[in-house]
Amino acid sequence: MIELRNLNKTFKTAQGEVSAVRDVNLTIYDGDVFGIIGFSGAGKSTLVRCINLLERPTSGEVVVNGTDLMKLNRKQLRGARKKIGMIFQQFNLLAQRTVEANVRYPLDIAGVKRAKADERVAELLKLVDLEDKAKSYPSQLSGGQKQRVAIARALASDPEIILCDEATSALDPITTRSILALLKELNERLGVTIVVITHEMRVVEQICNHVAVMSDGEIKEVGTVHDVFLNPQSETAKRLIEPSSNDALQVAENTLRLAFTGDESGAPVISDMTVKCNTMVNILSANTENIGGKAFGQMLIELPDDADEKRRITEYLDERGIHYETGAPAPSEGQPASDGCSNVPENASEGEAEVASGFDENLTDLTEDVRKGDGL
């Protein structure tokens, strides 16, 4: 189990201090697939890097399986990190190493005997369906194949937790779906806990059981994906979920957002409503999503001006038990289009390839060989 308690992370910049993570309290249970979603600059990546102390929090507690990582010395932290794998957006593979050598890298660092390491690598490449690419180099792979190598590497040390920092953001939609399906399969087969950082609601919908919505360094909302999709409480969640990309439509006062679940997703609700309420509505946008194997739909409709007609529509929806939300006034002029602190420095730490597979030792003779161009 992962417990973040009163977590804060502040960066010092030339313009002053920037609070990237503010008083975050979050619990992620064993075996869960937990999403953390928000717009760019919300603090998501900083937060996930605090879980394995790739970014050391300014204050607070990071408790993993009952141990506060903040209280560990360097040697103890290395041991704890062996059970936390990490997958990055840009893959972070070693260009001079073959696919099998990249996957074997954490095992080499850990001093695992070559025969045993090779056996483990073969198992992992089979698991991610890259057996035929063992001798290939990263430059010879597609983006999806590179991410599969990164996943195999993250699994090399038998982690209990995998952190995915925008792992599919650089991939096309079809490849994204295949990578998410692979992660979901690994969660179900191995029981590994997966934390997914993303700015895309469709990623959360496809793979996650629970989700936290983040904005301006703070957690705005936490719940099951079903509940957050059906009844978003925060403005950030509403903007992420709305089916239309037109903000003016999303927040118009004379609109309703309808959310359908189960059988209602395929029912002719609007047709039935217009007949029974004897009024017409304008459909602005609509879509249907598969969340946890169930169909969920949402629709944005424009209501008639007549107050009595509006009343009949809402009464009909209440009678059918269909969830709906009324629109709100548009944001005032000059209000930023996205939440969050967009000036947070990246501050990417050295050794991300090691941390990705649960290790952060200083450069060894092995890594020196890699730097010199030995593909090993």
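All of these numbers come straight from a predicted model, not from anything done at the bench.

Visitor: Just checking my understanding: could you explain the overall build of the protein for this structure?
Guide: A tally of regular secondary structure across the protein gives 14 helices and 14 strands. When each of the 376 residues of the protein is scored for burial, the buried share is 48%. Surface exposure of the protein reaches about 17,500 Å², of which carbon and sulfur atoms provide 45%.

Visitor: When you look at the packing of aromatic side chains in this model, what are you seeing that I'm missing?
Guide: For any two aromatic rings, the description comes down to two numbers: the centre-to-centre distance and the angle of the planes. All told, the structure shown has zero aromatic pairs when counted by the stated rule. Lysine 9 extends its terminal NZ or CZ atom over the ring of phenylalanine 11, reaching a point 5.1 Å from the ring centre. When the ring centre of phenylalanine 229 is taken as origin, the NZ or CZ atom of arginine 257, which lies over that ring, is 5.9 Å away.

Visitor: Would you explain the confidence of the model for the protein in this entry?
Guide: Interpretation of the predicted coordinates at a detailed level should be avoided for regions scoring low in pLDDT. On average, residues of the protein score 81 in pLDDT, and 80% of them reach the 70 mark or higher. When the criterion is pLDDT under 50, residues 244-251 qualifies, and its contacts beyond four places in sequence or with other chains add up to 17 contacts. pLDDT under 50 marks residues 359-376. Its contacts with residues more than four places away, or in other chains, come to 41 contacts.

Visitor: Looking at this structure, I do not really get the side chain of arginine 148. What am I missing?
Guide: Topologically, arginine 148 is positioned in helix α5 (residues 143-155). It is aspartate 129 that comes nearest to the buried, bridge-free arginine 148 among opposite-charge side chains, at 5.3 Å. Within the structure, arginine 148 has its side chain in polar contact with the backbone oxygen of valine 128 (distance 3.0 Å). Excluding anything up to four places from it in sequence, arginine 148 contacts Val128, Asp129, Leu130, Ser178, Ile179 and Leu182.

Visitor: Just checking my understanding: could you explain the pattern of salt bridges for this structure?
Guide: Once their charged atoms are close, side chains differing in charge can pair, the charge on each being opposite to the other. In the structure shown here, the tally under the stated rule is 21 salt bridges. Between aspartate 216 and arginine 22 there is a salt bridge; the shortest N-O distance is 3.1 Å. With aspartate 216 in the loop between β9 (210-215) and β10 (218-224) and arginine 22 in strand β2 (residues 16-28), this residue pair connects regions lying 194 residues apart in the sequence. A relative accessible area of 26% places aspartate 216 in the partly exposed class.

Visitor: What should I look at first to understand the nonpolar core in this one?
Guide: In globular proteins that are soluble, nonpolar side chains generally tend to be buried together. Core analysis: the biggest nonpolar cluster contains 51 residues, and Ile87, Ile151, Leu183, Ile194 and Ile207 have the highest contact counts within it. At six residues, the largest contribution of residues to this core is made by α5. Not counting residues up to four positions away in its chain, the partners in contact with isoleucine 87 are Gln147, Ala150, Ile151, Ala154, Ile162, Leu163, Cys164, Asp165, Ala167 and Leu183. Counting residues in each nonpolar core, the second largest holds 30 residues, with Ile2, Leu47, Ile51 and Met70 among its members.

Visitor: What should I look at first to understand the sheet that holds strand β5 (residues 67-68) in this one?
Guide: Pairing between the strands of a sheet is mediated by backbone hydrogen bonds and can be parallel or antiparallel. If you trace the four strands from one edge of the open sheet to the other, you get β2-β1-β4-β5, paired in antiparallel fashion. Edge positions in the sheet fall to β2 and β5, since each has one partner strand and no second. Bridge count between strand β1 (residues 2-13) and strand β4 (residues 59-64): five bridges; the pairing is antiparallel. Across the sheet, the residue bridging to asparagine 8 is serine 59, located in β4. Its contacts with the sheet put helix α1 (residues 44-51) on β1, β2 and β4, and the angle it makes with β1 is roughly 120°.

Visitor: Hey, could you run me through the pairing of strand β11 (residues 255-261) in this one?
Guide: Taken residue by residue, a regular strand's side chains alternate between the two faces of the sheet. Counting buried positions over the seven residues of β11 gives six, a clear majority of the element. Alignment of β11 against strand β14 (residues 323-326), held across four bridges, turns out to be antiparallel. Among the inter-strand pairings, leucine 256 is bridged to a residue of β14, identified as threonine 326.

Visitor: Looking at this structure, how should I read the packing of helix α3 (residues 99-109) against α5?
Guide: The description of two helices packed together rests on the angle between their axes and the distance between the axes. Orientation of α3 relative to α5, taken along the N-to-C sense of each, is 30°, at an axis distance of 7 Å. Comparing the axis directions of α3 and α5 gives the class roughly parallel. The crossing of α3 and α5 is right-handed. Two secondary-structure elements touch here, α3 through Val99, Asn102, Val103 and Pro106 and α5 through Val149, Ala152 and Arg153.

Criteria and cut-off values
Residues numbered from 1 in each chain as written. Predicted model: local features only at pLDDT ≥ 70, side-chain atom pairs only at ≥ 80, totals over all residues. Heavy atoms only, no water. Helix = DSSP H or I, 4+ residues; strand = E, 2+ residues; numbered from the N terminus. Buried < 20%, exposed > 50% of the residue type's maximum accessible area, 1.4 Å probe, protein only. Areas by Shrake-Rupley, 256 points an atom, 1.4 Å probe, with all protein chains shown as cover. Phe/Tyr/Trp six-rings, centres within 6.5 Å; stacked < 30°, edge-to-face > 60°. Lys NZ or Arg CZ within 6 Å of the ring centre and 35° of its normal. pLDDT = per-residue confidence, 0-100. Contact = heavy atoms within 4.5 Å. Lys, Arg positive; Asp, Glu negative; His and termini not counted. Salt bridge = Lys/Arg side-chain N within 4 Å of Asp/Glu carboxyl O. Polar contact = N/O pair within 3.5 Å; in protein donor to acceptor, adjacent residues only side chain to side chain. Core = buried A, V, L, I, M, F, W, Y, C linked by side-chain atoms within 4.5 Å. Pairing = 2+ DSSP bridges. Axes fitted to C-alpha atoms, helices over the stretch in contact; angles between N-to-C directions. Parallel < 35°, antiparallel > 145°, perpendicular 65-115°, else oblique. Left-handed = near helix turned anticlockwise from the far one by under 90°.

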